[in-house]
Each structure stands twice: as structure tokens, then as C-alpha cells.
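Fold and contact review
Residues per chain are reported as follows:
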Amino acid sequence: MKPFSIVGIQMKVSATYSNVEMMKLKLDITMNLYPWIDMVVFSELCAFGPLTHTAQEVPGLFEQEMQKMAKKYGIWLVPGSIFEKRANKIYNTASVINPQGEVVTRYSKMFPFYPYEVGVTPGDQFCVFDVPDVGRFGISICYDMWFPETVRTLAVMGAEVILHPTMTGTIDRDIELSIARAMATVNQCFFFDVNGLDTGGSGCSIVCGPDGRVLYQAGSTEEIIPIELDIERVKRSRELGVLRLGQPLKSFRDHIGDFTIYQPGAKHPYLESLGPLIKPTKLSKLAELKKKESDLNQSEPAIGYKGFNTSFNT
């Protein structure tokens, strides 16, 4: 057995003020409750919420604060993601910090939730990193998993655990739970999906094993989710098959085929017939309405965010 313990922190996220101090408090509570934890993962856009005007440069003060927390407890830390300013563009970026407080890698979400995640530029690099003597981990963010090529690529790169911060507050959360199970199964890996609450999502974080079975599914309240993973289960599944049955990664390797739809310059007449990627007309003022909602709530910061949840899965 090769045990490695991960905590997912499912917490309330405000769109009107910083959540960083609360994240640090949650980390303090978590590490005092469960001092044996090796890694902590927060939800997507947990630190500052889902509005792009909070974008900041990376590296920056937030990352520095998280580096101090990782070093303080000697843990691996994925503090969700933030909107990052880079070369006059905005990205949705997650940092990975090691127990020495060093940033070992960063990942920018490849599939922003278009047409709703307006103004966010897609990243173009897959992200895996090694935890010495444990295994290889991959990073995916929310809407990325709706495109199976993303998680499959991480698996082909050797990822045994997919860390998946998400921010889903919409009615398709149950669909995402099924996708999480499917991604774990067909890629024969652990899938650790952490959702937020309030403007950060509707909760229901989920952890799946390499046979697709649910190790834990949270409810819709704040939760600290400690799970000890046996990384050897991934190798066993990939060598012997899912439930000793299908061996999808080996089959993919041996029958990878041409997949001409991915070739540069390939024509896709059916996809072109679907029309442009735009919002439904009635939602064209969504950004303006969310800004108005934010302004109204800023007048009562002590009360917190109690408006209608208009956050979208990103």
C-alpha cells in the first residue's frame, strides 16, 4: 500500500470580499483536526470569487500567503484558482505548492466555461507533477473535464490522481458527478473534485476511485473531506483491468487509431453547422446584472452574500 492523504475543503465563497483569511482559518482548523494530512485542495476561484475584476498578477501576494501556509504545516497545497492577469489577458490559474512552500507548477484552465466565462483566455499547457515516493498528479479545472481528451491526456502523461477544483452552482451538478465517475473509470485513476458554496458553487464535492466507485460525496454544507488514497490501486487497475474486466488505457494504447478529426486543417462541416458560441439572447446582460448584484452586496459587507446564486459552472 502507498497511502497518501488528501483533504478537500468545501467552503462558502463570497463574490464581494476576499475569502483568503477564511481559507487560512480553514487550513488551521483542518491541520489541527487531521495533522496526518499530506495535501489540501480548495475549490475553483475560492480566494476572490467568480468576478474577473478581482484578477491579479501571478506570482503575487495571494500565492505568497499560500506558500507560507504550506510551509507552516509541511503539506502540499492547491489553493483552488484565481483569475490571473498576464500579458493584458485574464486566465483562470491554479498553483501547486510543495511542503517547503515552493511553487512547483501552475495550471491555467484550458476550457473556460464559454459563453458564460466572458473575458477569460484558455490556457494551452497540460499540467502534471510528481509527489516524491508517492505518484504523479494532474490538475484539471471544472469545465475541462467535459472534454474527455483533457483527462485522457493527463492519464497518458502518467497521472494517477486528478485534482479537480470546480465552481458549479447550476442545475447540471448531477451531470458533473456522473462525468467525474466516468473520468475516473475510463482513465483508471483517482478523481478528486472539490466544489465551493454560495457564489462558489452548490457543493456536492466528490472523490472517485480508479474503478469509478464513489469514495465520498459531500452534501451542500461546509465540509472538510479527508480521504486516504492507496495509490497502488491505480497501477493494479491499469495492469489488471477495471474490476478485473476492461483495460481501457491499454486498449487505447494498442488501438489508438488515426483520429483524423484532430489533424491540423481537418474540416468539420457538422460542427461548423452548429453556429457560433454565443450566449442565449435573454442572458446577454448577465455580466451587467452580476456587477449590480455585487455592488448592492458591498453596501452590507458584514451581512455577507445572501442574494440569488447566479454563479455558473466554470
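Described in the following lines is the structure provided in the data block. Remember, predicted model here, so these are calculated numbers, not experimental data. (Residues numbered from 1 in each chain as written. Predicted model: local features only at pLDDT ≥ 70, side-chain atom pairs only at ≥ 80, totals over all residues. Heavy atoms only, no water.)

Moving on, we come to the nonpolar core. Ranked by internal contacts, the top residues of the largest apolar core, which has 30 residues, are F4, I6, M39, F129, F137 and L163. Excluding anything up to four places from it in sequence, I6 contacts I37, M39, V41, F137, V161, L163, F192, I225, P226, I227 and L229. In terms of nonpolar packing, the next biggest core, distinct from the first, is built from 23 residues, V40, F42, F62 and M66 among them. (Core = buried A, V, L, I, M, F, W, Y, C linked by side-chain atoms within 4.5 Å. Buried < 20%, exposed > 50% of the residue type's maximum accessible area, 1.4 Å probe, protein only. Contact = heavy atoms within 4.5 Å.)

Attention now goes to the side chain of D211. Residue placement: D211 occurs in the loop between β14 (206-208) and β15 (214-217). Look at D211 and you get buried, because its relative accessible area is 17%. Reaching out from D211, the side chain makes a polar contact with the backbone nitrogen of R213 at a distance of 3.1 Å. With sequence-adjacent residues up to four places away left out, D211 is seen in contact with T185, R233, V242 and L243. (Helix = DSSP H or I, 4+ residues; strand = E, 2+ residues; numbered from the N terminus. Polar contact = N/O pair within 3.5 Å; in protein donor to acceptor, adjacent residues only side chain to side chain.)

Scanning the entire structure with this criterion turns up 12 aromatic pairs. Centroid distance F111 to F147: 3.8 Å. Interplanar angle 10 degrees. Geometry classified as stacked. Here F111 is found in the loop between β8 (103-108) and β9 (128-131), whereas its partner F147 is found in the loop between β10 (135-139) and α3 (148-156), with 36 residues between them in sequence. F147 gets classed as partly exposed once you look at its relative accessible area, which sits at 23%. (Phe/Tyr/Trp six-rings, centres within 6.5 Å; stacked < 30°, edge-to-face > 60°.)

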